[in-house]
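Understanding the architecture of this molecule
Each chain, letter by letter, is given below.
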Amino acid sequence: MLYSRRSVLAGLGAIGTAALTPPRHAFARIDDRPFFFFTDDEARFLALICDTLIPEDEFPSASQAGVVDYIDLQMAGPYGRGARLYMQPPFAEGTASQGYQLPLVPAQLIRQGLADLADRDDGALRRDAAARKAALTQLSAGDPAALQGHGSTFFDELWKLTNEGFFADPIHGGNADYAGWNMVGFPGAHAYYQSFVDKFNVPYPKPPMGINHKPGGDGAMPRPLRQREG
Amino acid sequence: MPDITLPKIDVVIVGGGWTGLTVAYELAHAGQRCVVLERGGHRHDATSFAGPEEHDELKYAIRHEHMIDVKQNTLTFRNGRDQRALPMRRLGSFLPGEGLGGAGIHWNGQIWRPLPSDLQMRSHYEDRYGAQFIPDDLNVQDWGVTYDELEPHLDFFERICGTAGYAGNLNGEQRAGGNVHEGPRRNEYPNPPMKQPIGPTLFGEAAARMGLNPFPMPSANVTAAYENPYGAQLHPCTYCGFCERFGCGYFAKADPIICVYDRIKEHENFEIRFRSTVLRIDKAADGQTATGVTYINAEGREVFQPADVVCMNAYGLWNVHLMLLSGLGTPYDPATGSGTVGRNYAYQTLAGVNVFFDEEIVTNPFMGAGALGTVIDDYNGDNFDHADLGFLGGAYVAATQYHGRPISYQPVPEGTPSWGAEWKRAVRENYLHHVGIGVHGSSMATPENFLDLDPTWTDAFGRPLLRMTFNFPENDRRMTDWVMQRAVEVARNMDNVRSVSSSNRAASGNDYSIVPYQTTHNTGGAVIGTDPATSVVNRYGQMWDHHNVFVFGACLFPQNLGYNPTGPLMGLAYWTLEHLKNEYLNNARPLMDA
Amino acid sequence: MSLTLKSTLKAGVVIAVAATPLVLAAQSSETTAPGTLEALLADDRTLFNATIETTVPDDDLLELGRLVAMGGADNGGSGMACITCHGGQGEGDGSGTFPRLAGLPGWYSYKQLNDYASGDRPNQVMTGIAQRLTDREREAVAVYYAVVQSPVIGPRGTADQGQMQWGGQLAAVGNAEKGIPACVNCHGPQGTGNPPSVPYLAGQYANYMTYQLELWKDGVRKNDAMDVMSTIARKMTREDMEAVSEYYYRVYNPLTTAKDR
């Protein structure tokens, strides 16, 4: 049987099944590919966390918008491996003004942060939305028990990635079907507003188009052409 | 010992950005054989910045693909001498460039002039407010060049960029609708102002009602098809909202590639070598001059390039770094107060006001440009009476519409949670109904804010990193606080406003942080002046200690103005070139007595 | 040696109007019924394409547009039917003498008609035609053609691969040495245009586009909204123009090409 993201996330249980029913689900498009970086369990856990940060309301949740895909691709790619990050030792604790000083590249930080959160959990985080919310609140405030005192650094990175995944151009794997852009009203990459800029208080009528937009499509990366088995 | 020694040339230029390419253009046309050494690679607006691929917020605005890679070159930072400086491991507060065109590719395109009083800040403040007004712990200095001397050069650069604006002081005639506080200019701007969207328009209307003097921000995002004095063709701006942090595929944002490089690249006196990192400037045995530069070429070989004249045209911070690494001049020591290289480092002091409108106002924030906005200059420089205020300096206040890129542009009212369901709702309810007002303030120099070399960390070539020690002086905290309150007054006066909130980066208790982006306006460290005890270069941009080394860029500023630095630094560049060409080349010597 | 289009028109001989147009099997003298067109207006993108300033297309406007296209306008019309040269579905006549109109932004076509009438865009045939249309008729026919879709006629024969590569390159990334910005910047992804002011290139006749570039280069045509086409065309050689035109002619344009006939 082909390894399928949809089947992986189906293990989410009661929470999130609503996300899986419509064919518009983000994972339907790149169903053929396994996650590049995360294990199944990590991906499921991450989806729960991201959906606490950006929950479903009249607009898709983070995982419905493909944020888990996005983060997976980022971690597997140059960014996750530490591109544009100065990693020369020694490493020392600094003040908040001095910025990031951990000897971890983003992929390590995210993996260790998730593992740390999961290790200190008795199952409540996977079951209970309120518990997740409380845990994340504590994490962002600088829970000293989390990740040897670096919990807030992990949280900041996770939130940043979630936010990016919701709103970046769909070629990066998230913002599925322009979920984020539709929500705010951002027209996208094909931007030519010379004749509109001085029309005051007129909503811009054109629907969003990403860099790889095909008419009638959603601007995502091209799909692999493999046959689907099973 | 270098692997290769090349034949001597007339002029070697370190850095291929605005000042480097301009120096090459002018000197090549003056018969000088010029070689530009650029650390990064070749790129061009047509091929490298074509939409829609260029319009990728994640890649360019967030991952900084057009900017320097900190793995190659970064710096260490601390707020004060009592701390250990640590590496800036990721870009944040400022975004230096790399490659052909440097930061001139991804700049906003705001073009300003200094006020006449800015250039003579010490004399002016002492004349007006008394000799005791300036506190001892602020190193405020005169530049040694006057506005009248710089005016033709400021004007020329504005014409190189096809600047779009409306003159507020045309040969002494004050014109409402322009900046009535500016120094007199001889020419109207070369292009008409940008079209102002509703947010900035409402700001301007409120300001005018209050008796202030709003005007459209002067912009190098040109507004009509334009040919510049070098023969370059620029095209009108499309307000695409992918301006700052991006290159312009429309040829609408003036940049060094289309404005200068394309017009000089075929010239017989011009050569540029890419992927060439200058390791040091070499000094003659007697220390009076430089003999040339040593660099690592694209193949990784060490090359010595001898030259009659050495021009330092890297980004300001790296000019200072190179001086320190090469032993040019005397490094500043804050403990004793001696030395000048690295002294008087300054930055920019920012505050902001968020204005949220009711549903009737639809701002379409994604229709933006890097220099699009309406400004009041009534609280900048010494345009207002400082007598009882207890600070120097000021800020421009502008309602701008740069972009609506959805990862970065998520304005929400004060008190909104920073994630979750409520946050999500607030983002979408406010996206189309907000305008930001920026307070863009001056930055005074102090003995405790300086640049030197770090003892621990190194760059990709094993050289010590530059070390930056900086925190906001009390003076600047008071100044931004005061101007921000004025900005809030205007905001509260605007039509259709639902709520207003404000924040001051330099509020009391806020240390300067290199994490959040503020501006790429790092100034000082190689200050211009008439006294070698307090400056690195004389008023012609020539190093006091080495008369064939000329320095360009914002590193020359004794303190920073309440304006973006590109206009003033290019005015200085053309001023320096005038003297280099007409007085130095035929008789190489110090142009000023020490 | 064949007459070039330029020499033909300069001589004042209006070809292909009096003479029978090159009719290929695909051309029809029937216009698309208004009911079908209105259905197309339900799509956001088509509605945006067709909107001229504040004129929102409705049934009446479309019907008037169709009448104008067939030569039956109220004002006595221009004496000319658009469809004679531009085809019943705005697909042209296959020769490239007359451009495709199907799917052009309403604002753009309206502007061209105004510019023809005033002489801002010189054309001995179109000026007379445009002058005899009222403002409402110009709006109507522009909106009509904005909504219409039709298949592209031609090209025939095999393309020169080197030319295709060069044209595609200019289209996508321009040329650094000559300072030519990429067409895609303004003319949209896959040359589908950027309504309201920027027309599509994909599927437009190659010889028509080459001719327009020549006219810009010579300064004969200078009515583009941003006044950039002259400076761009001046940097192009004849070979550049032909390459980019032949390339775009063969690009599939789903916005203006009906899926079924």
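Everything below is about the structure shown above.
Attention in this report is confined to the structure presented alongside it.

**What about the interface of chain B and chain C?**
Counting from both sides, the interface comprises 18 residues of chain B and, opposite them, 19 residues of chain C. Taking both partners together, chain B and chain C bury about 1,400 Å²; carbon and sulfur atoms supply 64% of that area. Summed over the shared surface of chain B and chain C, the number is zero salt bridges. Where chain B touches chain C, the interface holds four residue pairs in polar contact (both at pLDDT 80 or more). Of the residues in the side of chain B that touches chain C, the class split is nine nonpolar, seven polar and two charged.

**Brief notes about the sheet that holds strand E19 (residues 450–458) of chain B**
All names here are of chain B. Read across the open sheet, the four strands follow the order E5-E4-E20-E19; overall the sheet is mixed. Unpaired on one side and paired on the other, strand E5 (86–87) and E19 mark the two borders of the sheet. Both strand E4 (residues 75–78) and E5 contribute to a ladder of two bridges, which runs antiparallel. Along E5, the bridge assignment pairs Phe-77 with Leu-86. Here helix H10 (residues 316–326) sits on the sheet and contacts E4, E19 and strand E20 (464–469); the angle it forms with E20, its principal contact strand, is near 120 degrees.

**Digging into unusual backbone geometry**
With omega at 5 degrees, the peptide bond leading from Pro89(A) into Pro90(A) counts as cis. The residue Pro90(A) is located in the loop between helix H5 (67–76) and helix H6 (106–119) in this model. Following Pro195(C), the chain continues into Pro196(C) via a peptide bond in cis, with omega recorded as 5 degrees. Along the chain, Pro196(C) turns up in the loop between helix H10 (184–187) and helix H11 (206–218). The backbone phi angle of Asn201(A) is positive, close to 60 degrees, even though this residue is not glycine. Structurally, the position occupied by Asn201(A) is in the segment after helix H10 (179–184). One non-glycine residue, His64(B), lies in positive phi territory at about 60 degrees. Here His64(B) lies in the loop between helix H3 (57–62) and E4.

**Overview of the packing of helix H8 (residues 129–141) of chain A against helix H9 (residues 151–167) of chain A**
Residue and element names in this part refer to chain A. One can describe the packing of H8 onto H9 by two numbers: an axis separation of 6 Å at closest approach and a directional angle of 115 degrees. Comparing their axes, H9 and H8 come out roughly perpendicular. Of the residues in H9, those touching H8 at Leu-136, Leu-139 and Ser-140 are Gly-151, Ser-152, Phe-154 and Phe-155.

**Some points on the side chain of His150(A)**
Take His150(A): it is sitting in the loop between H8 and H9. Sequence-distant contacts of His150(A), that is, excluding residues within four places in its chain, are made with Glu93(A) and Leu102(A).

**Regarding the packing of helix H9 (residues 161–173) of chain C against helix H13 (residues 238–249) of chain C**
Residue and element names in this part refer to chain C. Packing of H9 against H13 brings their axes to within 7 Å, and their N-to-C directions diverge by 90 degrees. Overall, the two elements H9 and H13 adopt an arrangement that is roughly perpendicular. Counting all contacts with H9, which are made through Gln-163, Met-164, Trp-166, Gly-167, Gly-168, Leu-170 and Ala-171, the residues of H13 involved are Asp-240, Glu-242, Ala-243, Val-244, Glu-246, Tyr-247 and Tyr-248.

**Topic: the environment of Asp127(B)**
Residues and elements named next belong to chain B. Secondary-structure assignment places Asp-127 in helix H6 (residues 121–129). Relative accessible area serves as the criterion here: at 69%, Asp-127 is assigned to the exposed category. Along the primary structure Asp-127 and Ala-335 are separated by 208 residues, whereas in three dimensions their C-alpha atoms are 31 Å apart.

**A look at the packing of aromatic side chains**
Counted by the stated rule, this structure contains 48 aromatic pairs over all chains. Seen in terms of ring centroids, Trp159(A) and Trp423(B) are 4.9 Å apart; in terms of plane orientation they differ by 80 degrees. Their pairing is edge-to-face. Here the residue Trp159(A) occupies a position in helix H9, and Trp423(B) occupies one in helix H11 (residues 421–430), the pair thus bridging two chains. Trp423(B) carries the same exposure label as Trp159(A), and that label is buried. Aromatic side chains Tyr247(C) and Tyr248(C) sit 5.3 Å apart centroid to centroid with 65 degrees between the ring planes, which places their arrangement in the edge-to-face category. Assessed through its relative accessible area of 26%, Tyr247(C) is described here as partly exposed. Its relative accessible area of 3% is what places Tyr248(C) among the buried residues. Three or more aromatic residues joined by ring pairs form one cluster here, namely Tyr178(A), Trp181(A), Phe186(A), Tyr193(A), Phe196(A), Tyr204(A), Tyr60(B), Phe242(B), Phe246(B) and Phe366(B). Sitting over the ring of Phe196(A), Lys199(A) keeps its end group 5.2 Å from the ring centre. Lying over the aromatic face of Tyr517(B), Arg245(B) brings its terminal NZ or CZ to 4.6 Å of the ring centre.

**Quick notes on the pairing of strand E14 (residues 302–312) of chain B**
All names here are of chain B. Burial of E14 is extensive: ten of the eleven residues sit out of reach of the surface. By the bridge criterion, two bridges tie strand E1 (residues 4–5) to E14 in an arrangement that is parallel. Bridge pairing in E14 places Thr-5 opposite Phe-304. The sheet contact formed by strand E2 (residues 9–14) and E14 spans five bridges and is parallel. By the bridge assignment for E14, Val-14 is matched with Met-312. The loop that links strand E13 (residues 290–296) with its antiparallel partner E14 comprises five residues; one of these, Gly-300, has a positive phi angle of about 90 degrees. With three bridges connecting them, E14 and strand E22 (residues 549–551) associate as parallel partners. Note on E22: the bridge partner recorded for Val-310 is Val-549.

**Concerning helix H1 (residues 18–29) of chain B**
Residues and elements named next belong to chain B. Over its twelve residues, H1 runs 17 Å from end to end, which matches the ideal 16 Å to within 8%, given 1.5 Å per residue. Along H1, eleven of the twelve residues are buried, which leaves the element largely enclosed by surrounding structure. What H1 keeps buried is the set Trp-18, Thr-19, Gly-20, Leu-21, Thr-22, Val-23, Ala-24, Tyr-25, Glu-26, Leu-27 and Ala-28. At the C-terminal side of H1, Gly-31 shows a positive phi close to 85 degrees.

Quick notes on the rules
Residues numbered from 1 in each chain as written. Chains lettered and ligands numbered in written order. Predicted model: local features only at pLDDT ≥ 70, side-chain atom pairs only at ≥ 80, totals over all residues. Heavy atoms only, no water. Contact = heavy atoms within 4.5 Å. Buried area = accessible area lost by both parts, 1.4 Å probe. Salt bridge = Lys/Arg side-chain N within 4 Å of Asp/Glu carboxyl O. Polar contact = N/O pair within 3.5 Å; in protein donor to acceptor, adjacent residues only side chain to side chain. Nonpolar A, V, L, I, M, F, W, Y, C, P; charged D, E, K, R; others polar. Pairing = 2+ DSSP bridges. Helix = DSSP H or I, 4+ residues; strand = E, 2+ residues; numbered from the N terminus. Axes fitted to C-alpha atoms, helices over the stretch in contact; angles between N-to-C directions. Parallel < 35°, antiparallel > 145°, perpendicular 65-115°, else oblique. Buried < 20%, exposed > 50% of the residue type's maximum accessible area, 1.4 Å probe, protein only. Phe/Tyr/Trp six-rings, centres within 6.5 Å; stacked < 30°, edge-to-face > 60°. Lys NZ or Arg CZ within 6 Å of the ring centre and 35° of its normal. Expected span 1.5 Å × (residues − 1).

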